[in-house]
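Descriptive analysis of the structure
Below, each chain spelled out in residue letters.
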Amino acid sequence: MSKRVLTTESGAPVADNQNSASAGVGGPLLLQDQHLLEKLARFNRERIPERVVHARGSGAYGHFEVTDDVTGFTHADFLNRVGKRTEVFLRFSTVADSLGGADAVRDPRGFAVKFYTEEGNYDLVGNNTPVFFIKDPIKFPDFIHSQKRDPFTGRQEPDNVWDFWAHSPEATHQVTWLMGDRGIPASYRHMNGYGSHTYQWTNAEGEAFFVKYHFKTNQGIRSLSSEQAAELAGKDPNSHQMDLLQAIERGVHPSWTLYVQLMPAAEAADYRFNPFDLTKVWSHRDYPLQRVGRLVLDRNPDNVFAEVEQAAFAPNNFVPGIGPSPDKMLQGRLFAYADAHRYRLGVNHTLLAVNAPKATTAQNYGRDGLMAVNSQGRYAKNYEPNSYDGPVETGRPLSAPLAVTGHTGTHEAPLHTKDDPFVQAGDLYRLMSEEERQRLVANIAGGLSQVSRDDVIEKNLAHFHAADPEYGRRVEEAVRALRED
């Protein structure tokens, strides 16, 4: 029996639903990829009014202070001297659950930082894990659908969750993170944050470096077991929100030390892992952590809706000295995040207090739209160039250009020498203590054993076997034991 053909909303057949169209193998994604844009734009409009993902969140204000000289790597103004402080707003969140969900659940945590710099707002959007489940944005709507509530049963279905992972071997690394001991942080204060994506820094001489951000908690890592989390979520679904609020109110100001990994741009092509693959990390032996500064949260929002729910972060908000990389997931998010905010909050959401620049003033030709308050007076023109002393372009790019080559089309990511979906998942498993491995296996088996289809279970088990033979064997034995009960 032949399968039905997947089509776009206009009925055209889809040739490739796994890879976005790019400018050559490994190049930036193309605006002409109608299927990708249609998927992402429709996906952003599926829920009203809460966020489609990261709906349940908490936030606080604070500052970032530079502690180490990084001017050899970036000319970003807010990083230009030791001791410089920049106001920030940080939003934490769970990913999959709705606004009414509990905090203490097994789920990645969003870690989004807005730097109110003198050259405009810089948004760094990441998670509490250095990797993610997928590496191409065309799969993101499907991934989230598999993790959210089923259209028929109205609940998160193990069949859907594990069926998607069964068909996405690249998810094995993040699944190992999620099901491990750090899968349920004890609080937002006691977890790390990561930029996760690869970004680009450019110095004053025009030299480009690819960069990964690591915010290390100064409170120490603390996590909950599945049993502790279930009890806490039942007693206080707002546990993480209240912990953050109360800590800051009593003067206990949480902080994180920012480190970066820096890779000279010329080394990216020959690195053994694809450095732009969001399912992979860079070895710290190859690119050691370099300290940059300290982030401190010291002020709670006065109104959660106005300042947390209406906070809008978009990774396309760069400042001079910082820019994108060919990371496919980042490239997709450069469009999708801002588009989601325009839908959810309106085209003038950047005028809201929490989103507006604080250390400078936005000057552009945007006008009108819902809730417009930016008339700028009777003599201000809404076009450029003009003869009326309106704002003008600088001619100075924010970051170094990315080289592209090859033919347009849907391409799989270029393979590097160790680009295997299972290598780093196995490495992570072997770093764990015996007690950590026991908990990891129990967490995986607890979910996988609930799947109704044997073929889906077998596909997932094959991923764990490929990551590490012992890992696979122990998960398989644990699943079998639970299913025989």
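Our structure is the block above this text.
Residues numbered from 1 in each chain as written. Predicted model: local features only at pLDDT ≥ 70, side-chain atom pairs only at ≥ 80, totals over all residues. Heavy atoms only, no water.

**Examining the overall build of the chain**
Within the chain, the secondary structure is distributed over 12 helices and 12 strands. For the chain, the C-alpha radius of gyration of 23 Å lies close to 23 Å, the compact-globule estimate for 485 residues. The principal-axis extents of the C-alpha atoms in the chain amount to approximately 80 × 60 × 45 Å. The buried share of the chain, taken over its 485 residues, is 53%. (Helix = DSSP H or I, 4+ residues; strand = E, 2+ residues; numbered from the N terminus. Rg over C-alpha atoms; globule rule 2.2 N^0.38 Å. Buried < 20%, exposed > 50% of the residue type's maximum accessible area, 1.4 Å probe, protein only.)

**Topic: the pairing of strand 8 (residues 208-217)**
Taken across its 10 residues, strand 8 has 8 buried, putting it largely inside the fold. Pairing between strand 6 (residues 193-194) and strand 8: 2 bridges, direction antiparallel. Across the sheet, the residue bridging to Tyr 194 is His 214, located in strand 8. Note that strand 7 (residues 199-202) and strand 8 share 4 bridges and pair antiparallel. Bridge pairing in strand 8 places Trp 201 opposite Phe 209. Counting the residues that bridge the hairpin from strand 7 to strand 8 gives 5 residues, and of these Gly 206 lies at a positive phi of roughly 90°. For strand 8 and strand 9 (residues 255-264), the ladder comprises 9 bridges, and the chain directions are antiparallel. Within strand 9, the residue paired with His 214 across the bridge is Tyr 259. (Pairing = 2+ DSSP bridges.)

**Description of the pairing of strand 5 (residues 120-127)**
Counting buried positions along strand 5 yields 8 of 8 residues, so the element is predominantly enclosed. Where strand 4 (residues 109-117) lies against strand 5, 8 bridges are found, and the strand directions are antiparallel. The residue of strand 5 that forms the bridge with Ala 112 is Val 125. Between the antiparallel neighbours strand 4 and strand 5 lie 2 residues.

**Section: the nonpolar core**
Phe 133, Phe 140, Phe 143, Trp 162, Trp 165, Leu 448 and Val 475 are the most contacted members of the largest nonpolar core, which totals 44 residues. Contributions of two or more residues to this core are made by helix 2 (140-147), helix 3 (158-166), helix 4 (172-179), helix 9 (423-431), helix 10 (434-448), helix 11 (454-467) and helix 12 (469-484). Aside from chain neighbours lying at most four places away, what touches Phe 143 is Phe 132, Phe 133, Ile 134, Phe 164 and Trp 165. Membership of the second largest hydrophobic core comes to 37 residues, among which are Tyr 199, Trp 201, Ile 248 and Leu 258. (Core = buried A, V, L, I, M, F, W, Y, C linked by side-chain atoms within 4.5 Å. Contact = heavy atoms within 4.5 Å.)

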